[in-house]
Amino acid sequence: MSQQGYVAAPPYSQAQPGMGAYQGGFGSGPTQPLYGHYGGPPQAFSAPPAGMMKSSVAPAASMPLSPGSSQYNPNVQQNGSHPQSYPAPPAVSAPYGQPPHSLYNSMASPGPPPTQQLTNQMSSMNLGSHVQGLQSPPPPASSVVQQPFQTPPPSTMAPPQMPPGLQSPHMSPLMSPPQSPPASMPMASQSMAGTSMAGMGRPFPGPPPPGPGGFQQPGLGSAGQPGYPQQAGQFGGYMAGPQQNMPGAFPGAQSAMAGPPQKKLDPDSIPSITHVIEDDQVKQGGQVFTTNIRGQVPPLVTTDFTVTDQGNASPRFIRCTTYSLPCTADLAKQCQVPLAAIIKPFASLPKNETPLYVVNHGDTGPVRCNRCKAYMCPYMQFIDGGRRYQCGFCNCVNEVPVFYFQHLDHMGRRVDFYERPELSLGSYEFVATLDYCKNNKPPNPPAYIFMIDVSYNNIKSGLVKLICDELKTLLEKLPREEGMETSAIKVGFVTYNKVLHFYNVKSALAQPQMMVVSDTAEMFVPLLDGFLVNYQDSRAVIYNLLDQIPDMFADTAESETVFAPVIQAGVEAFKAAECSGKLFIFQSSMPTAEAPGKLKNRDDKKLVNTDKEKTLFQPQKGVYEQLSKDCVASGCCVDLFLFPSQYTDIATMADVPSHTGGSVYKYSNFQIETDGEHFLRDLRKDVQKSIGFDAIMRVRTSTGFRATDFFGGIYMNNTTDVEMAAVDCDNGVTVEFKHDDTLSEESGALMQCALLYTTIGGQRRLRIHNLSLNCSSQLSELYKSCETDSLINFFAKSAYRAILNQPLKNVREILVNQTAHMLACYRKNCASPSAASQLILPDAMKVFPVYMNSLMKTAPLVGSTELSTDDRAHQRLSVMAMGVEDTQLLLYPRLIPLHNIDVNSEKPATPVRCSEERLTDSGIFLLENGQSMFLWLGQASSPDLIQSLFNLPSLAHLQGHMCALPELDNPLSRKVRSIISGLLEKRSNSMKLQIVRQKDKPEMLFRQFLVEDKGLHGGASYMDFLCYVHREIRQLLT
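A short tour of the structure in this document, coming up. Keep in mind that what you see is a predicted model, and the values were worked out from it rather than measured.

Rules and cut-offs
Residues numbered from 1 in each chain as written. Predicted model: local features only at pLDDT ≥ 70, side-chain atom pairs only at ≥ 80, totals over all residues. Heavy atoms only, no water. Helix = DSSP H or I, 4+ residues; strand = E, 2+ residues; numbered from the N terminus. Buried < 20%, exposed > 50% of the residue type's maximum accessible area, 1.4 Å probe, protein only. Contact = heavy atoms within 4.5 Å. Areas by Shrake-Rupley, 256 points an atom, 1.4 Å probe, with all protein chains shown as cover. Expected span 1.5 Å × (residues − 1). Arc of directions from axis to C-beta. Pairing = 2+ DSSP bridges. Axes fitted to C-alpha atoms, helices over the stretch in contact; angles between N-to-C directions. Left-handed = near helix turned anticlockwise from the far one by under 90°. Core = buried A, V, L, I, M, F, W, Y, C linked by side-chain atoms within 4.5 Å. Phe/Tyr/Trp six-rings, centres within 6.5 Å; stacked < 30°, edge-to-face > 60°. Lys NZ or Arg CZ within 6 Å of the ring centre and 35° of its normal.

**Side note on the overall build of the chain**
A tally of helices and strands in the chain yields 23 helices and 33 strands. Taking all 1038 residues of the chain together, the buried fraction comes to 59%. Intrachain contacts of the chain at a sequence separation of at least 6 include 74% that bridge at least 24 residues. Roughly 39600 Å² of accessible area belongs to the chain as shown, and the carbon and sulfur atoms make up 52% of that amount.

**Some remarks on unusual backbone geometry**
Of note in the backbone geometry, N440 takes a positive phi value of approximately 55° without being a glycine. Note on placement: N440 falls in the loop between β13 (427-431) and β14 (447-453). Not every positive phi belongs to a glycine, and N669 is a case in point at roughly 50°. Position of N669 relative to the elements: it lies in the loop between β21 (664-666) and α13 (672-688).

**Section: helix α21 (residues 971-986)**
Taking 1.5 Å as the rise per residue, α21 with 16 residues should run 22 Å; its terminal C-alpha atoms sit 22 Å apart, in good agreement. Three or more residues of α21 are buried, namely L972, S973, K975, V976, I979, I980, L983 and L984.

**Here we look at helix α8 (residues 539-552)**
Over its 14 residues, α8 extends 20 Å from the first C-alpha to the last, a length consistent with the 20 Å expected when each residue adds 1.5 Å. Every buried residue of α8 is listed here: V541, I542, L545, L546, I549 and P550. Each buried residue of α8 lies within a common arc of 160° when the element is viewed along its axis, so the set occupies one face. Opposite the buried face of α8, at more than 90 degrees from it, the exposed residues are A540 and D551. Turning to α8, the residues buried within the fold contact α7 (463-474), β15 (490-496), β16 (500-504) and β18 (533-534).

**Section: the sheet that holds strand β6 (residues 318-320)**
By way of backbone hydrogen bonds, the strands of a sheet pair with one another, either parallel or antiparallel. In spatial order, the strands read β6-β8-β26-β23; together these four strands make up an open sheet with antiparallel pairing. Lying at the two open borders of the sheet, with one neighbouring strand each, are β6 and β23 (705-711). With direction set aside, neighbouring strand axes in the sheet form an average angle of 25°.

**Details of the packing of α7 against α13**
Helix-helix packing is described using two parameters, namely the angle between the two axes and the distance between the axes. Relative orientation of the contacting elements α7 and α13 amounts to 40°, with a least axis distance of 11 Å. When you trace α7 past α13, the crossing you get is right-handed. In contact with L463, L466, I467, E470 and L474 of α7, α13 contributes I672, G676, F679, L680, L683, R684, V687 and Q688.

**Side note on the nonpolar core**
Judged by nonpolar contacts, the single largest core of 154 residues is most densely connected at F502, I567, I585, Y783 and L855. Element by element, the count of residues in this core is highest for helix α16 (residues 808-829), at ten residues. Apart from the residues lying within four places of it in its own chain, the contact partners of Y783 are C335, V337, M822, C825, Y826, C830, P842, A844 and M845. Membership of the second largest hydrophobic core comes to 44 residues, among which are V533, F641, F643 and Y667.

**So, the environment of C394**
The residue C394 is located in the loop between β11 (388-390) and β12 (397-399) in this model. When the C-alpha positions of C394 and G704 are compared, they lie 9.9 Å apart, and in sequence the two are 310 residues distant. For C394, the contacting residues outside a window of four places in its chain are C369, R371, C372 and T703.

**As for the packing of aromatic side chains**
To describe a pair of aromatic rings, one takes the distance between the centres and the angle between the planes. The full count for this structure, using the stated rule, is 34 aromatic pairs. Ring geometry for F450 against F493: centres 6.0 Å apart, planes inclined by 20°, an arrangement best described as stacked. Of this pair, F450 sits in strand β14 while F493 sits in strand β15, and the two are 43 residues apart along the sequence. When sorted by exposure, F450 lands in the same class as F493, which is buried. Ring-pair connections join several aromatic residues into one group, and the members of that group are F586, F641, F643, Y665, Y667, F670 and F679. Here the basic side chain of K472 rests over the ring of Y543, its NZ or CZ set 5.9 Å away from the ring centre. The side chain of R767 reaches across the aromatic face of F346, ending 4.3 Å from its centre.

Pasting the structure below:
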C-alpha cells in the first residue's frame, strides 16, 4: 500500500454519503437523487439523522450554519444500545469501504472544470504544502449541488502545527515520519508533490484531467469509466475496476504509481496490539492490584497479575468500558463511548487468590436496604452511633437490625469492619434463606443427564463408543463442593434416535433396565425412581450400561433423529425430581423425524448480501421458543455437542442452549482419529467446570444512571431480572448503562451485581459483586480511563445482536461511524491543536481500530457466500456469552514464533503482530485465538527443526492430518508441546491443532486469522481501515 504518512489516499478523499460527510438540505436541492443505494431504486435525498454527521458546508454555500448549532447534536440517540436504537442509516448511504463508481454518471450537472476539481481535491485531502492549500480558491456557490463533497473553508485547512513533542501526555501522536523537518506536515511526506495525486479517486469518472502532474495509470486502463466490469466490494458494495491496479484503493493493494518515488508507510509506525500487551505486562505484570481506590483502571486482561480485594470487585468478575463515567447524558452522547460493564459472576480465581467468603446470618438472612433492596456492602454509611445506616445506592436511611448492631470507632467506621466481608470486600457470598428458594423449601442437589443420539452416523463414526468409554472415568470427576469427598450431583442416561430410551440404573439392580417412549409429541419420563442416581452408589450398574449401549445399537439403520422432545424429556425429569441441572446432548444431524421441533433445510446462499440475510441468523419460531422458557423456569441448562456432516440450522438448534447459559460445540465431519481427542477435551472441561444453577441476576446502580440492556447467554422475562438456568466460570454478561440524571464527581457511581443461585451441593446462595467508578465532567478523564478490550466486547455483542434485525451493511456502517465519532470527539475536545492531517488517538484507545476492523471481518459480519451459514450462526452465538478475555483473543489471535525460541527459558514466548509480513519462509509459528490453533511451517524451515518436532528428515515427509505433535525426547519438542498444552489448559475451549505448510491448500484457513491483513472474504487491512477512519474523522471535524 503506497500511502505517505496518514495521507488520506483515494478513495478516502471522497466524502462518503451517509457517513458523516454530507449535510442535507442545500437550498432547494435537485429532485433527482444525488446518490441511491447501489442497485436500489432512486430515492429522494433526505437529511441524515441528526447527530450522525457534522456539517461540512462551506461558507460559500447557500445555507449558513446557525451560530448556536453544535457539531454533535445533543439529542442523538447513542448508536448501538437497543436493536431499535440503531438509527437506520439515511437512504443515501453508500456501503463502507467502497470507491465511488460510475453511478455518479447519472448526476444531473457536469463536473467542475478540471482545475477547480483539482483544487477541491487538494484541499480535501490536505496534501502538499500549506501554501497550496491556502491558495486554492473557494468553490463558487453554484457548485454546491454538483459536487459529491463540499470543501471546507480553505483557510482553516492548515492550523499552526505543534511540534510532536508538545502533545498532551495521554495521547499518542501517530506516525509522524521519522525526523521530518518541522515545516512539513506531520502526516504527508515531502516527496509527495501536491499534484502527484491528481486524477486519483476523483469525484467523477473518466480520464484524469490534463493538469500538471496528471497521469494515466499504466495498468489502470479505463477503470472508472462507465461500463467497466465492477467487482464485488468487500462489504457488499462494488469496487470500480480491478483492485490490484487501483492506486491505493480501499482494500489496499500495492500499486505501482507513476510520479515521484514514494515512501511506503512503515507498518511499525502504527499502533500495535502486541506492543500494548507487552508494555502492560512489563509495567504491571507480576504485581498486586489492590481494589481500594474508586475508578482505578485495572491491568489488561492479557497481563499476569494478582488481585487483593479491598472493597471493589476484582476485574476478573467485572470490567468496564470506562472507569470514569461522564457526569451528564449530554457528555455521553457527545463522545458516544458506550458505558457498559462485562460481568463474569462465576469467574475462576487463580490459586494464589482468596476464594469468596461465605457470610451466614442464619434465619434473618442478609441485611438489605428497605427502599432499593441493595445488599449490605462497603458503600453503606453508618451513622447515629452505628444504629442507622445510609444506603449508598438510593440514600435511604435504614435502622440497623438489633443482631447486626456494632459501635463505631473514632473515624465513624464499625469496630468489626475487618471481620465482616460484606463491609470490607468487593465480592462475597451470603447463605440465602428459604425466602430465596422455590416454593420456600431448600433445593435438591442438581443433576446431569447424558443424552446420546444413537442414530446410524454416530454409531458408524465410533462416537457412541467413545462417549461411553470416556464417561466411565469422567463421572469420577464431577464437580464437588470444597472439602467434600464426593459430588452431590446426580446422573441419568438417555439414548435416542426417532424414539427415546430411558435407563433405570438403581443401585439395587443387577442389570440396567431400558424403557422406550415412542410418543414424542407427548413427552413424559417413564420412571421416577432409578433414573437420576448418585454415581458412587450405582457405579456398577452404570458401568454395565455404558458397556452395553454401543453393542445394543451396533446394527442400527435408523438415520433420522428428534431433538426438541429430548430437551423436553430433560425438563420433565428435572421437574419430577424437583431439582435443576444440565443436559449434555450429543446430536449428529438436523432433527428431521416427525416430531415437535422437526426442522427443514432453510439454508439459502442467495440471501447473503440482501436485506433478508438476517433471517439466516434468526431461530425458527414456535417450539424452541417455548422450550427455552420452560428450561429457564425449571433451571435446566442445555449443552449441545453437534457432529454434523451438512447444514443443521444451528441458529435454531442452538437457541435453547444460548438462552439457558449453555454452550454449543461443533465438530464438522467428525472423525475419531483427528477430532476424538479435541472433542474429549471439550467434554472434560465442560463436565468439570465450576457452575451454579437456577440463577437470577440483578444489577443495581446508584442514582443518576441505570442498567438498560443486557447481552449474554441469558433469558429476560422482564427488564431487570437476568435469568440463567446455569452460570459457569466462562459466562460473561455485558450490561449497558444509561444516564437518567446527572452524576456527581464527589460521590461517583456505584454498581452492585447480585446473583442468586443453587450450588453444586444444593445450597441456595447470593453472590455479590460491588464496584465503584469515578464521574467526571471532563471528557479527557473518560478517554484516559477507557478499556479497549471491554469496548470491543460491547461492540461485538451489540453488532451481533443487531444483525438479527438489520442488514449487515447498516450494522457495519454504524460500527465505523461510531468509531470515527468517538475518536473525532477526542480529537476535538481533548487533544492539543495540531495539523488536521495528523491522526491523534487517545492512548487508552490507540489500538481500538485494529480490533474494530477485525470485528468487521468476522464471519457473522462478512457477507460472503463462501462461509457456511452454520459457522456464522455458531460464532455469533458463542460471542454473545463471552467475557473480555475471550473476545480479545478471538479478535486478535496470538502468533508465536517457535523457530527462535529459547528452550531453557521459563519466560513465555513473545507473540508478534498478526500479519503475513511477520512470517518468514524459514520460520515456524503457532497461532491460536481460543477457538482454533495452527502450527504453520515455512517452506524453508530447517531440517533440524523438523527433525526435532516431527522426527522426520524434512518438511516433504510430513503427512497431512496430523493433529498432535509426537512425544520426542529433545528440548525443542518438550518446549513446544508444553506451550501447546499450556494454552489448551488455559483457554475455555479445547482447540484442534492444525498443522499447515506454507503454500499448501489448507494454509488459506490459517491466513484468515492474520487480522492485520486484508480479509479473505472481504474486509480491509488494518492500515487501510485506519486511513479510512482517519478520513472519516477529518470529515467530521471539518
